[in-house]
Amino acid sequence: MINGDKYMDTLKEKKFIDLFKNISGAIFDLDGTLINSMCIWDDIDREYLGKRGVSIPKNLKYDIENLSFTETAKYFQDKFNLSDSIDVIQKEWYDMAFYKYSNTMMLKPYALEFLKLLKSKDIKIALATSNYRTLAETALKKNNIYELFDVITTTEDVKRGKNFPDIYIMASKKIKVIPRKCVVFEDSLDAIKTVKLLNMKVIAVKDAYCPHSWNTLLQYSDLGIMNFSELISIFYKYINII
């Protein structure tokens, strides 16, 4: 008889093998999935609202989790009765974020190695992010993974946030891989739920700043990982059958 931990490891390996046998494309979220950057946006929200004498509401993370930047700026404008235009709000956020993204190494452990492993298996790699394109590109270049991506898609391209399927559909079309042969890596509950509606596979990535419980994310995902090293070890263990 195998113990509980060993059984769970074996079950994860089986799920991983079944999942990756038919995968030709991998779509990655950026913030909270590939890079440890959610703390930056917490700091920006706190600093931005603090300048205006406003405290951060308890439910802010939940409310804006999957909104595009334009949608988030509109939320702030309405919620906090701001006189600034949408463009002015976004410009201030962008300037604050650009400095941080340009000067901070934020890549999650073993993300680089895992991306390289996917490349070695001829799996197309796409980025699907709610972030600004210029910030996303800056982060990828700063963390030395820009060249590993075949395409970059942002919610700027599709005009709606990740609680709608548009960004994932566009990303799969760009890499020319049908949805059922794509796997998506996400740290957001609503995004994970959206992906599942598209008949795509989804792997939840643990992030300390996610406002939802890890068990809830696992409930809606095909697989969940705490660290990309978990996938690397399974890949090499079963490299001849994946």
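Calculation notes
Residues numbered from 1 in each chain as written. Predicted model: local features only at pLDDT ≥ 70, side-chain atom pairs only at ≥ 80, totals over all residues. Heavy atoms only, no water. Axes fitted to C-alpha atoms, helices over the stretch in contact; angles between N-to-C directions. Helix = DSSP H or I, 4+ residues; strand = E, 2+ residues; numbered from the N terminus. Parallel < 35°, antiparallel > 145°, perpendicular 65-115°, else oblique. Left-handed = near helix turned anticlockwise from the far one by under 90°. Contact = heavy atoms within 4.5 Å. Nonpolar A, V, L, I, M, F, W, Y, C, P; charged D, E, K, R; others polar. Phe/Tyr/Trp six-rings, centres within 6.5 Å; stacked < 30°, edge-to-face > 60°. Buried < 20%, exposed > 50% of the residue type's maximum accessible area, 1.4 Å probe, protein only. Pairing = 2+ DSSP bridges. Right-handed = clockwise from strand over helix to strand, strands pointing away. Salt bridge = Lys/Arg side-chain N within 4 Å of Asp/Glu carboxyl O. Core = buried A, V, L, I, M, F, W, Y, C linked by side-chain atoms within 4.5 Å.

### Side note on the packing of helix α5 (residues 86–103) against helix α7 (residues 133–142)
Then, number 1: Two elements in contact, α5 and α7, have axes separated by 8 Å at closest approach and are oriented at 15°. Viewed along their axes, α5 and α7 adopt a mutual orientation that is roughly parallel. Relative to α7, the crossing made by α5 is left-handed. Contact residues: Y94, A97, F98, Y101, S102 and N103 in α5; T134, L135, T138, A139 and K142 in α7.
Then, number 2: Grouping the amino acids of the contact of α5 with α7 by side-chain chemistry returns six nonpolar, four polar and one charged.

### Here's the deal with the packing of aromatic side chains
Then, number 1: Inspection of the entire model under this criterion finds 21 aromatic pairs.
Then, number 2: Plain terms: the ring middles of F16 and F235 are 5.2 Å apart, the flat faces sit at 80° to each other, and that makes the pair edge-to-face. One end of the pair, F16, is in helix α1 (residues 4–20); the other, F235, is in helix α12 (residues 229–237), with 219 residues separating them in the sequence. One exposure class covers both F16 and F235, and it is buried.
Then, number 3: Summarising the aromatic geometry, the rings of Y94 and Y132 are spaced 5.4 Å apart at their centres and angled 85° between planes, so their arrangement reads as edge-to-face. Within this pair, whereas Y94 is found in helix α5, its partner Y132 is found in the loop between β2 (124–129) and α7, the two being separated by 38 residues in sequence. Here Y94 and Y132 have matching classes, each one buried.
Then, number 4: Ring-pair connections join several aromatic residues into one group, and the members of that group are F16, F20, F28, F114, F149, F185, F228 and F235.

### Quick notes on the pairing of strand β3 (residues 151–154)
Then, number 1: Of the two faces of β3, both are covered, the one formed by V151 and T153 as well as the one formed by I152 and T154.
Then, number 2: Bridge count between β2 and β3: four bridges; the pairing is parallel. Pairing of L127 across the sheet is with I152, part of β3.
Then, number 3: For the segment spanning β2, α7 and β3, crossover handedness is right-handed.

### Comments concerning the side chain of D42
Then, number 1: Following the sequence through the fold, D42 ends up in helix α2 (residues 38–51).
Then, number 2: Here D42 falls in the buried class, since its relative accessible area comes to 16%.

### Focus: the pattern of salt bridges
Then, number 1: Scanning all chains against the criterion turns up 19 salt bridges.
Then, number 2: Ionic pairing is found between D18 and K14, a salt bridge with its closest N-O pair at 3.0 Å. Of the two residues, D18 and K14 both sit in helix α1, four residues apart, roughly one turn of that helix.
Then, number 3: Here D18 falls in the partly exposed class, since its relative accessible area comes to 42%.
Then, number 4: We classify K14 as exposed; its relative accessible area is 51%.
Then, number 5: A salt bridge links D222 to K196; its shortest N-O distance comes to 2.8 Å. Placement of the pair is D222 in the loop between α11 (214–220) and β6 (223–225) and K196 in helix α10 (residues 189–197), with a sequence separation of 26 residues.

### Comments concerning the nonpolar core
Nonpolar side chains tend toward joint burial in soluble globular proteins.
Then, number 1: F20, F28, L34, F76, F114, F185 and F228 are the most contacted members of the largest nonpolar core, which totals 58 residues.
Then, number 2: What F228 contacts, discounting residues up to four positions off in sequence, is F28, T33, L34, P109, Y110, A111, F114, F185 and V205.
Then, number 3: Ranked by size, the runner-up nonpolar core spans 23 residues in total, among them V158, Y168, V202 and A204.

### Considerations on the packing of helix α6 (residues 111–120) against α12
Then, number 1: Between α6 and α12, the shortest axis-to-axis distance is 9 Å and the interhelical angle comes to 35°. Seen from above, α6 lies across α12 with left-handed handedness. Taking contact as the criterion, the partners of E113, F114, L117 and L118 in α6 are, on α12, L231, I232, F235 and Y236.
Then, number 2: Taken together, the residues of the contact of α6 with α12 break down into seven nonpolar, no polar and one charged.

### Re the sheet that holds strand β4 (residues 182–186)
Then, number 1: Spatially, the six strands line up as an open sheet ordered β3-β2-β1-β4-β5-β6, and their pairing is parallel. Because the sheet does not close on itself, it has two edges, and the strands there are β3 and β6. Taking each pair of neighbouring strands and ignoring which way they run, the sheet shows an average axis angle of 20°.
Then, number 2: Two elements, strand β5 (residues 201–205) and β6, share three bridges in a ladder whose sense is parallel. Bridge pairing links I203 to L223 in β6.
Then, number 3: On the sheet, α7 packs against β2 and β3 and is oriented at approximately 140° with respect to β3.
Then, number 4: Contacting β4, β5 and β6, α12 crosses the sheet at an angle of about 115° to β6.

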